[in-house]
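# Observations on the model geometry
This is what each chain is made of:
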Amino acid sequence: MAVKEATILEVARLAKVSASTVSNVLNGKHDKMRPDTLERVMAAVAELGYAPNQMARGLKTGFVPIIGLIVPSVENPFWGAFARCVEHAAMARNCQVMLCNGERDLAREQLYAESMLSRGIRGVILGSSPLSMKHLAGLAKRGLKVVAFDRANIKEGDFEVDSVRVDNSQGTALAIGHLIKLGHRRIGFVSGPVNSSNRLDRLNAYRETLRAHGIKPNDKWEWLEAEPESDSENALAGRIGVKALLARRHPPTAFFGINDMTALGVIEGARELGLRVPQDVSVAGFDDIFLCRMSNPHLTTVRQPLPALTEAAVSLLLGRMSGTNTDAPAHINLPAELIERDSCGPV
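The sections below set out a description of the structure shown in this document. Since the structure is predicted, the reported quantities are computational estimates derived from the model, not experimental observations. (Residues numbered from 1 in each chain as written. Predicted model: local features only at pLDDT ≥ 70, side-chain atom pairs only at ≥ 80, totals over all residues. Heavy atoms only, no water.)

## A short note on the packing of aromatic side chains
On inspection of all chains with the given rule, the structure shows 8 aromatic pairs. Geometrically, the ring pair formed by Phe78 and Phe82 is stacked, given 6.3 Å between the ring centres and 25 degrees between the ring planes. With Phe78 and Phe82 both in helix α5 (residues 77-91) and 4 residues apart, this pair spans about one turn of that helix. With respect to burial, Phe78 and Phe82 carry one shared label: buried. Among the aromatic residues, those joined into a ring-pair cluster are Phe78, Trp79, Phe82 and Phe149. Arg202 extends its terminal NZ or CZ atom over the ring of Phe286, reaching a point 3.7 Å from the ring centre. (Phe/Tyr/Trp six-rings, centres within 6.5 Å; stacked < 30°, edge-to-face > 60°. Helix = DSSP H or I, 4+ residues; strand = E, 2+ residues; numbered from the N terminus. Buried < 20%, exposed > 50% of the residue type's maximum accessible area, 1.4 Å probe, protein only. Lys NZ or Arg CZ within 6 Å of the ring centre and 35° of its normal.)

## Some words on helix α2 (residues 19-26)
Of all the residues in α2, the buried ones are Thr21, Val22 and Val25. End-on view of α2: buried residues confined to an arc of 100 degrees, all on one side of the axis. Residues of α2 that are buried make contact with α1 (8-15) and α3 (35-48). (Arc of directions from axis to C-beta. Contact = heavy atoms within 4.5 Å.)

## Some remarks on the environment of Val283
As for its position among the elements, Val283 is in strand β10 (residues 282-287). Accessibility expressed as a relative area gives 0% for Val283, which makes it buried. Sequence-wise, Val283 and Leu136 are 147 residues apart; in three dimensions their C-alpha atoms are separated by 37 Å. The contacts of Val283, once residues within four sequence positions are left out, are Phe255, Ala263, Val266, Ile267, Val277, Leu299, Thr300, Ser343 and Cys344.

## Concerning the side chain of Thr172
Mapped onto the elements, Thr172 comes out in helix α8 (residues 168-181). Apart from residues lying up to four places away in sequence, Thr172 is in contact with Arg202, Ala205, Tyr206, Phe256 and Phe286.

## Concerning the sheet that holds strand β8 (residues 222-223)
The mixed open sheet is built from 6 strands, whose spatial order is β8-β7-β9-β10-β11-β13. Unpaired on one side and paired on the other, β8 and β13 (337-339) mark the two borders of the sheet. For strand β7 (residues 187-190) and strand β9 (residues 254-257), the ladder comprises 4 bridges, and the chain directions are parallel. Counterpart to Phe189 in the pairing with β9 is Phe256. Packed onto the sheet, α8 meets β7, β9, β10, β11 (300-303) and β13 and runs at close to 165 degrees relative to β9. (Pairing = 2+ DSSP bridges. Axes fitted to C-alpha atoms, helices over the stretch in contact; angles between N-to-C directions.)

Below, the structure written as structure tokens:
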């Protein structure tokens, strides 16, 4: 037999207060409330095991304190860290997070976003950095608020959303410039297919930085072919890519991985060929996941300011969901930081 859930009226009767007082307590509006009143309400909530019905609240107010988060896959430690930072920022604002792994599949992302909207969740942070956001345009017209992570200004027709990203061009320039200062002139770029906005930004910045230092880009130094089935297989792409590039005539002496998992795969692939890092080849990555400090050698990489990025994304999204922010879409671009470790050395 199902157990009947407590109601807000029952909490009010037990605490000997009005239902509106209970509601104020549950919504954090108790700055001017007498301490003994607050204590009675909280005790009644605990005794009855009362849990607010968020769906019912959303139907009444138009706002459910839950945000959606769609990332490629938390198998990649970067996305696990990103999700954790989003959760911290949301919880600080009395909001919860529903996490989904979209695997960079646009149809899957659309399905997740539509499911969230049908459950009263009015806002989503999208982490996959797709080249087009058209798959969410219809849902946006139905009221879904979207903040795109790691994408530049997004405007497709009348569809435009807020965006928050690290400066991929500046970050890549830091890494490539560092390798050039160490004397490297043949620098490899290792990635899967460039099918996302952030990857395209990094590839273009890699080529532009070479040109800025008088080095002509060479497609023989670029590996853009391996297609991992999931983000966890970026390391495999790194292993395949570095072996392919090192087998070519006049191979690179240094490598830049599109992200840290790829760069760690590059180190593994080079080691399998009997090469030492950084004595024989240098390797740099992008993201600064925790594995960079545990690898051998420790990985030089470009750090994304995750706490600041996720704070900005959550703040923008909740402002849109609550209706307090009606300004034109914001596009926040934060600087990256080069973290020099042991995986890069002179030619």
